[in-house]
Amino acid sequence: MDKSEDILSLNRDEMGAWMQRQGWPRYRGNQLFGALWRQRAATYEQISSWPKELRQTMSERAPFYRLQAVTVQKDRDGTRKILARLWDGQQVEIVVLPHNYGYSVCVSSQVGCNMGCKFCASGILKRTRNLTAGEMLDQVRLANDLISPEDRIISRVDLMGIGEPLDNYDNVIRFIKVAHDSQGFNLGYRHFTVSTSGLVPDIYRLAREHLPITLAVSLHAPNDALRSRLMPVNKAYPIDRLIAASKFYFEETGRRVSFEYALLAGINDSGEMAHQLADLLQGLSCHVNLIPWNPVPEHPFQPSQKKLVEEFQRIVQNRGISCTIRKEMGQDIEAACGQLRRREEELLSP
Ligand code: SF4
């Protein structure tokens, strides 16, 4: 796709400049931005305040494609999982989660993922391409469309779907900045979480953006031997470098770093590991998020017993580190990222 025609990825200023170059007043860019993200117009034809000539010209010069929902699964707890088709036929997953404060959406940043985490469903399908900022924005739009009958809009965005967000750095930052625009989704920076498997140089880069977004580091192991076994990225960026980068992130942004830790039975859930984790995080302003494991058919891991999860939490907390157990959501549907897309592709493959 010609980048100059990727209208969905432009910020409001760029849209104004683009309209001006086409011979229209700059304010038409503001109107277009609001129509695309506030009113969620599906076509130029739906921008009824525009003259017919402008709608026609734009349809010819800058056509855009809206993500199409292929399937929507809804769980009893209100979690929705969407499989959505991109313009080139590729598919991504979007998860919409209900909370007491409203809804959050878990956005995918790549088609597939190359990080190769051993417990992950998404990593089974290798990265095909990065998503553009417009394609990430359109995931939020699609989620908003789904919940709008309830008179709600998305109020939090987690970049925790398929892909390693920091491996698609420029598009992810553009997405966040455009979604923050008050004339669009108007999402405060504090309402974004970017997760990473541990791309240390990009954590430093993100820290230097000085955006008050939450960084969630997928840790999952408290020592290098185990982490390198579970997450190959650890061989390039071992734990001491990851912790140093996380400290820097807090110092630069003032935002407490969240460490994600999925508990796998007999692998990383012992009391000794809990103490190792507490040793590692001493003195760091952070939060530990323990994740009850959702089994993936292709992987051998099993969920830890509830009492072990609680014991793990107790040890970490008693060592003075904030630690919670993530509420299990979407248990009725295939909730591990990548499961839905993979199953669909299995059905489609000969
Ligand atoms: S856990 Fe995240 S980074 Fe790791 S393979 Fe899965 S999608 Fe990629």
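Worth saying up front: this structure is predicted, and the values here are computed from it rather than measured. The numbers attached to residues start from 1 for each chain and follow its sequence in the written order. Under the rules for a predicted model, residues below a pLDDT of 70 receive no local features and side-chain atom pairs below 80 are neither given nor counted, while totals for whole chains, interfaces and linings still include all residues. Side-chain measures here rest on the full set of heavy atoms in the structure, leaving out hydrogens and waters.

This next bit is on the pairing of strand E2 (residues 80-85). Consecutive residues of a regular strand have side chains that alternate between opposite faces of the sheet. Throughout, exposure labels follow a simple rule: accessible area from a 1.4 Å probe, protein chains only, divided by the maximum for the residue type, with under 20% read as buried, over 50% as exposed, and the rest as partly exposed. Helical segments are the DSSP runs of H or I of at least four residues, strand segments are the runs of E of at least two, and each set is numbered from the N terminus. Extensive coverage of E2 is indicated by the burial of 5 of its 6 residues. One ladder, built from 6 bridges, connects strand E1 (residues 68-74) with E2; its direction is antiparallel. Residue pairing for E2: Gln 68 is matched across the bridge by Arg 85. Any two strands are treated as partners once DSSP identifies two or more bridges connecting them. Where E1 folds back on E2, the antiparallel hairpin that results is connected by 5 residues, among which Gly 78 adopts a positive phi of roughly 95°. When E2 meets strand E3 (residues 91-99), the two strands line up antiparallel, connected through 6 bridges. Bridge pairing in E3 links Leu 83 to Glu 93. Here E2 folds back onto E3 in antiparallel fashion, the turn holding 5 residues, of which Gly 89 has a positive phi close to 90°.

Quick look at helix H1 (residues 12-21) now. Looking only at H1, the buried set comprises Met 15, Gly 16, Trp 18 and Met 19. Down the axis of H1, the buried side of the element spans an arc of 160°, and every buried residue falls inside it. Structural note: H1 exposes Asp 13 and Arg 21 on the side pointing more than 90 degrees away from its buried face. Summarising the contacts, the buried residues of H1 are in contact with helix H2 (27-37) and helix H3 (52-61). In the stretch just after H1, Gly 23 is the one whose phi turns positive, near 95°. Arc definition: directions from the helix axis to the C-beta atoms. Pairs of residues are marked as contacts when any of their non-hydrogen atoms sit within 4.5 Å.

Moving on, we come to the packing of helix H5 (residues 169-180) against helix H6 (residues 200-207). Viewed as axis vectors pointing N to C, H5 and H6 meet at an angle of 30°, and their least axial separation amounts to 12 Å. Of the possible angle classes, the one that applies to H5 and H6 is roughly parallel. Viewed along their axes, H5 and H6 form a crossing whose handedness is right-handed. The segment H5 lies against H6, with Tyr 169, Asp 170 and Ile 173 engaging Asp 202, Arg 205 and Leu 206. Three classes are used: nonpolar for Ala, Val, Leu, Ile, Met, Phe, Trp, Tyr, Cys and Pro, charged for Asp, Glu, Lys and Arg, and polar for all others, with Gly counted as polar. In terms of residue class, the contact of H5 with H6 is made up of 3 nonpolar, no polar and 3 charged. Interaxial angle, 0 to 180 degrees, is taken between N-to-C directions of lines fitted to C-alpha atoms, where a helix line uses only the stretch in contact. Our angle categories are set so that under 35 degrees counts as roughly parallel, over 145 as roughly antiparallel, 65 to 115 as roughly perpendicular, and the remainder as oblique. Left-handed describes a crossing in which the near helix is turned anticlockwise from the far one by less than a right angle; the clockwise case is right-handed.

An automatic or database domain assignment supplies the residue ranges for each domain. According to the domain assignment, the chain contains domain 1 (3-61) and domain 2 (68-348). Computed over C-alpha atoms only, the centres of domain 1 and domain 2 are separated by 33 Å. Contacts between the two partners involve 13 residues from domain 1 and, on the opposite side, 18 residues from domain 2. Summed over both partners, buried area is the accessible surface (1.4 Å probe) that two parts give up on being assembled. Here domain 1 meets domain 2 over a buried area of about 1,300 Å², counting both sides, of which 52% is carbon and sulfur. For the domain 1 face of the interface with domain 2, the top three residues by lost area are Trp 37, Arg 38 and Arg 40, together amounting to 49%.

What follows deals with unusual backbone geometry. Positioned with a positive phi, Asn 186 is a non-glycine residue whose angle comes to about 55°. The phi angle at His 220 is positive, at roughly 65°, despite the residue not being glycine. On the secondary structure map, His 220 appears in the loop between strand E9 (214-218) and helix H7 (224-230).

On the basis of which strands lie adjacent, the open sheet formed by 10 strands has the order E1-E2-E3-E4-E7-E8-E9-E10-E11-E12 and mixed pairing. The open sheet has two edge strands with one neighbour each: E1 and strand E12 (322-325). Sheet twist, expressed as the average angle between the axes of neighbouring strands with direction ignored, equals 25°. Sheet topology note: the strand E10 (residues 257-263)/strand E11 (residues 286-292) ladder contains 7 bridges and is parallel. Looking at the pairing, Phe 259 lines up with Val 288 of E11. Helix-sheet contacts for helix H9 (residues 239-253) involve E9 and E10, and the interaxial angle to E10 is about 140°.

Once that is clear, we can look at the side chain of Asp 158. Mapping Asp 158 onto the fold places it in strand E7 (residues 154-159). In contact with Asp 158, other than residues within four places in its own chain, are Ser 104, Val 105, Cys 106, Val 107 and Thr 193.

Turning to its location among the elements, Arg 61 is positioned in helix H3. On a C-alpha basis, the gap between Arg 61 and Gln 22 in space is 9.2 Å, while along the polypeptide they are 39 residues apart. Ignoring anything within four residues of it in the chain, the contact list for Arg 61 reads Glu 5, Trp 18 and Gln 22.

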